[in-house]
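The lines below spell out each chain.
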Amino acid sequence: MAIPIEQLAEEMYQMVVEYHGKKNLKASDLTKAMIAKYGEDQVSKEDCKQAIRQLIDSGRCVYSYLGGSYITLPKKDSAAPE
Amino acid sequence: MADEKISTPLLDELEKGPWPSFVREIKSAAQTSPMARDLLGQLELSYEEKVGHWKHGGIVGVRGYGGGVIGRYSDVPEKFPNVAHFHTLRVNQPAGWFYTSQALRTLCDIWERHGSGLTNMHGSTGDIIFLGTKTDELEPTFSELTQAGFDLGGSGSDMRTPSACVGPARCEWACYDTLKLCYDITMEYQDELHRPAFPYKFKIKCAGCPNDCVASIARADLSIIGIWKDDIQQDDEAVAEYVANGLDIQADVVERCPTRCMQWDGKKLTINNRDCVRCMHCINVMPKALRPGKERGAVLLLGAKAPIIQGAILSSVLIPFVPEEELFDTVKELLSRVWEFWDEYGMNRERVGELIQRVGMANFLDAIGLDPVPEMVSHPRDNPYVFYKVDEEQSEQ
């Protein structure tokens, strides 16, 4: 049975929280982690794309650019002046 | 502050000479824009100290999008508070860069309301570039742009804004409708354009003929270059007219042909079309006498990039000829295979051309399910696509 998109989004969000400040995660890192956890028969790349869309559109996560594009928490931009 | 005149002796040097000057334009904008005024001050400081004062990147964007905004901050905000934030917006340009004057006025009005008023028409990928605004102005700018029918372009690790030459709108040599293909690709890949999910950037450029006015073969990860399959169309009367008007066909056309596929006996120009490599030189010299053939389409090439992390790479031929009516479907099929492989094996910040160099073209072709063909050989005896098995070599001996 396929994993619901909401569940994938939540698990991805927890990954982003866990790695925040330690490692920058790309969309493909989240996708590969979910597929590795549940297998290709239960999670497709399209499912992961939808889950990431949900995370971003809800504002729980945002994209950042640090030489490449990453998914992170919507904290104040560290490059911005105080 | 508003009436203060900033002293810029070093920048003033860049106004000298007959050519256009960005300094002159910024000074003009500075008469009404405090951001432009502080920009002049910070730039002068950079010239004095020989060091850049911008910090770049971070978290800035509009809701739902991961591309289109490039965060930029001053590292001397106390000196130049009006450029403490100076973000760039990339706005998706119309295919072929055709605008009405009303559309241009609308864009400039939006930018004067929300940003510095400074633009760059256009950036190297082709976008309309809005230079300099504050984080709080990003959403209002985006809102007004979308109401006016514009959208943001790409930035970061996403598909960058596709671009096209003017194509059949103004050019008789266009071998396919570049404008339509560019528009179709842009609409098909909205997610890939706005939601970065690739290892690094991916650029697509549509050139209508091998003159390649959008420099796709040097810049685009996927270059779609118009080409013809049959013979060059030749008008002998027009050839004679060129000769009568003083053109030295032997020196200026025949001897400049890279494959020497032409002969001129003083009366008749003969082209061996089998040896023609579609370089366009003869057609460019004698546009009234020679034209691209009638069986038109495009060649698909992959892997170009400008030098950033590694050196420059030119595109390599993947599919030598696709008829125009099959072009969009073929591009979609090819992209799905290329992106699948790049997603799986591409390293962070590795362009697809660099990936091909790393794994080898033979392995890459095998992975995306394409057979090698002679047109992929860029230099004879240079491309190791053909492998002889040991038993074949022994049986030949």
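Residues numbered from 1 in each chain as written. Chains lettered and ligands numbered in written order. Predicted model: local features only at pLDDT ≥ 70, side-chain atom pairs only at ≥ 80, totals over all residues. Heavy atoms only, no water.

1. Quick notes on the overall build of chain A
Threshold: For helices the rule is a DSSP run of H or I covering at least 4 residues; for strands it is a run of E covering at least 2, with both sets numbered from the N terminus onward. C-alpha atoms define the radius of gyration, and 2.2 Å times the number of residues to the power 0.38 defines the globule rule. Residue exposure (1.4 Å probe, protein chains only): buried if accessible area is under 20% of the type maximum, exposed if over 50%, otherwise partly exposed. Contacts between residues were defined by any pair of non-hydrogen atoms, one from each residue, lying within 4.5 Å. Only four residue types enter the tally: Lys and Arg on the positive side, Asp and Glu on the negative side, with His and both chain ends excluded. To locate a charge, the coordinates of NZ of Lys, CZ of Arg, CG of Asp or CD of Glu are taken.
The secondary structure content of chain A amounts to 3 helices and 2 strands. For chain A, the α and β elements follow one another from N to C terminus as α-α-α-β-β. Whereas a compact globule of 82 residues would reach a radius of gyration of roughly 12 Å, chain A reaches 13 Å, a difference of no more than 12%. When its C-alpha atoms are laid out on the principal axes, chain A stretches across 50 × 20 × 20 Å. A burial count over chain A gives 46% of its 82 residues as buried. The contacts in chain A between residues at least 6 apart in sequence include a share of 54% that link residues at least 24 apart. Looking at charge distribution, chain A has the averaged site of its 11 positive side-chain charges lying 5 Å from that of its 12 negative ones.

2. Quick word on the interface of chain A and chain B
How big an interface is tends to be stated in terms of accessible area lost as the parts join. Put simply, the rule is: The buried area of a pairing is the accessible area, by a 1.4 Å probe, that goes missing from both parts when the two are put together, added over both. We define a salt bridge as a side-chain nitrogen of Lys or Arg found within 4 Å of a carboxyl oxygen belonging to Asp or Glu.
Facing the 27 residues of chain A at the interface are 30 residues of chain B. With both sides pooled, the region where chain A packs onto chain B buries about 2,300 Å², and carbon together with sulfur makes up 48% of that total. Counting across the interface, chain A meets chain B through 5 salt bridges. Across the salt bridge formed by A:Lys45 and B:Glu340, the nearest N and O atoms sit 3.4 Å from each other. Counting only elements with at least two residues in the side of chain A that touches chain B, the list comes to helix H2 (27-38), helix H3 (45-58), strand S1 (62-65) and strand S2 (69-72) of chain A.

3. Quick notes on the packing of helix H2 (residues 22-30) of chain B against helix H3 (residues 34-49) of chain B
All names here are of chain B. Quick reminder of the rule: For helices, the fitted axis covers only the stretch in contact; all axes are lines through C-alpha atoms, and the angles between them, taken along N-to-C directions, range from 0 to 180 degrees. Put simply, angles under 35 degrees are roughly parallel, angles over 145 are roughly antiparallel, angles from 65 to 115 are roughly perpendicular, and the rest are oblique. Note on residue categories: nonpolar means Ala, Val, Leu, Ile, Met, Phe, Trp, Tyr, Cys or Pro, charged means Asp, Glu, Lys or Arg, and polar means any other residue, Gly included.
Orientation of H2 relative to H3, taken along the N-to-C sense of each, is 140 degrees, at an axis distance of 7 Å. Overall, the two elements H2 and H3 adopt an arrangement that is oblique. Residues Phe22, Val23, Ile26, Lys27, Ala29 and Ala30 of H2 lie in contact with H3, whose contacting residues are Ala36, Arg37, Leu39, Leu40, Leu43 and Tyr47. Considering only residue class, the contact of H2 with H3 consists of 10 nonpolar, no polar and 2 charged.

4. Looking at the pairing of strand S4 (residues 88-91) of chain B
Residue and element names in this part refer to chain B. Let me state the cut-off plainly: Only strands that DSSP links by at least two bridges are regarded as paired with each other.
Burial along S4 is two-sided: Thr88 and Arg90 facing one way and Leu89 and Val91 facing the other are all buried. Relative to S4, strand S2 (residues 69-70) runs antiparallel, the two sharing 2 bridges. In the strand pairing of S4, isoleucine 70 is matched with threonine 88. As judged from the 4 bridges shared by S4 and strand S6 (residues 128-131), these two strands associate in the antiparallel manner.

5. Structural notes on a negative patch on the surface
Residue and element names in this part refer to chain B. For clarity, the cut-off: In this scheme, patches are assembled from residues that exceed 30% relative accessible area and form no salt bridge. Like charges are connected within 9 Å, while nonpolar side chains (Val, Leu, Ile, Met, Phe, Trp, Tyr) are connected within 5 Å. Note on areas: Shrake-Rupley with a 1.4 Å probe; residue coverage comes only from the protein chains shown.
Where like charges cluster on the molecular surface, the negative patch consists of Glu48, Glu49, Asp75 and Glu78. The residue glutamate 78 is located in the loop between strand S3 (72-74) and S4 in this model. You can call glutamate 78 exposed: its relative accessible area is 60%.

6. Considering the sheet that holds S4(B)
Residue and element names in this part refer to chain B. Strand order in the open sheet made by the 4 strands is S2-S4-S6-S5, with antiparallel pairing throughout. In this open sheet, the two edge strands, each paired with only one partner strand, are S2 and strand S5 (118-121). Running over the sheet, helix H4 (residues 101-114) touches S4, S5 and S6 and is turned about 25 degrees from S6.

7. Some points on helix H12 (residues 327-345) of chain B
All names here are of chain B. Let me state the cut-off plainly: By this rule, a helix spans an expected 1.5 Å times one less than how many residues it contains. Within this analysis, the arc is defined by the directions that extend from the helix axis to the C-beta atoms.
With 19 residues, H12 extends 27 Å between its outermost C-alpha atoms, agreeing within 8% with the 27 Å of an ideal straight helix rising 1.5 Å per residue. Residues of H12 that are buried include every one of Leu327, Thr330, Val331, Leu334, Leu335, Val338, Trp339, Phe341 and Trp342, and no others. The arc that holds every buried residue of H12, seen down its axis, measures 165 degrees, which confines them to one face.

8. Here's the deal with a nonpolar patch on the surface
Residue and element names in this part refer to chain B. Taken together, the side chains of Leu10, Leu14, Phe22 and Tyr47 define a hydrophobic patch exposed on the protein surface, amounting to about 350 Å² of accessible area. By the secondary structure assignment, leucine 10 is in helix H1 (residues 9-12). Judged by relative accessible area, leucine 10 falls into the partly exposed class, the value being 38%.

9. As for the environment of B:Gly266
Tracing the backbone through its elements, the reader meets B:Gly266 in the loop between strand S11 (262-264) and strand S12 (269-271). Spatially, the C-alpha atoms of B:Gly266 and B:Asn211 are 28 Å apart, while their sequence positions differ by 55 residues.

10. Looking at unusual backbone geometry
Residue and element names in this part refer to chain B. A cis amide bond links methionine 121 with the next residue in sequence, histidine 122, at an omega value of 10 degrees. Summarising the element assignment, histidine 122 is placed in the loop between S5 and S6. For arginine 278, which is not glycine, the phi dihedral falls at a positive 60 degrees. On the secondary structure map, arginine 278 appears in the loop between S12 and helix H11 (281-285). Exposure remark for arginine 278: the relative accessible area of 12% places this residue in the buried category. Even without a glycine there, the phi angle at arginine 349 is positive, about 65 degrees. Along the chain, arginine 349 turns up in the loop between H12 and helix H13 (352-359).

11. Looking at the nonpolar core
All names here are of chain B. For clarity, the cut-off: Each nonpolar core is a collection of buried residues, namely Ala, Val, Leu, Ile, Met, Phe, Trp, Tyr and Cys, held together in the definition by side-chain atoms within 4.5 Å.
The biggest cluster of nonpolar side chains holds 38 residues, and the ones touching the most others in it are Phe202 and Ile224. Mapped by element, the contributors of at least two residues to this core are helix H6 (178-188), strand S8 (204-207), strand S9 (222-228), strand S14 (296-302), strand S15 (316-323), H12, H13 and helix H14 (361-368). A total of 8 residues in this core trace back to one element, the largest contributor, which is H12. The contact partners of phenylalanine 202, leaving out residues within four places of it in the chain, are Asp158, Met159, Arg160, Asp221, Leu222, Leu302, Leu335, Trp339, Trp342 and Val352. Counting residues in hydrophobic clusters, the runner-up holds 25 residues, among them Cys175, Cys261, Cys276 and Cys282.

12. Digging into the sheet that holds S15(B)
Residues and elements named next belong to chain B. If you walk across this open sheet you meet the 5 strands as S7-S8-S9-S14-S15, and the pairing is mixed. Either end of the sheet is taken by a strand with one partner, and the two such strands are strand S7 (163-164) and S15. Bridging between S7 and S8 involves 2 bridges; their strand directions are parallel. Paired with alanine 164 across the bridge in S8 is cysteine 206.

13. A closer look at the packing of aromatic side chains
For any pair of aromatic rings, the description rests on two quantities: the centre-to-centre distance and the angle between the ring planes. This is how it is decided: Any Phe, Tyr or Trp ring, taking Trp's six-membered ring, that has another such ring centre within 6.5 Å forms a pair; planes under 30 degrees apart are called stacked, those over 60 apart edge-to-face, and the others tilted. By the criterion adopted, a ring carries a charge over it if an Arg CZ or a Lys NZ lies within 6 Å of its centre and within 35 degrees of its normal.
Across all of its chains, the model carries 11 aromatic pairs over all chains by this definition. Summarising the aromatic geometry, the rings of B:Trp111 and B:Phe130 are spaced 4.6 Å apart at their centres and angled 25 degrees between planes, so their arrangement reads as stacked. Residue B:Trp111 is found in helix H4, and its partner B:Phe130 is found in strand S6; the two are separated by 19 residues along the sequence. You'll find B:Trp111 and B:Phe130 in the same group, each marked buried. Three or more aromatic residues link up through ring pairs in this structure, and these residues are B:Tyr189, B:Phe198, B:Phe202, B:Trp339 and B:Trp342. The aromatic ring of A:Tyr13 is capped on one face by A:Arg60, whose charged end is 3.9 Å from the ring centroid.

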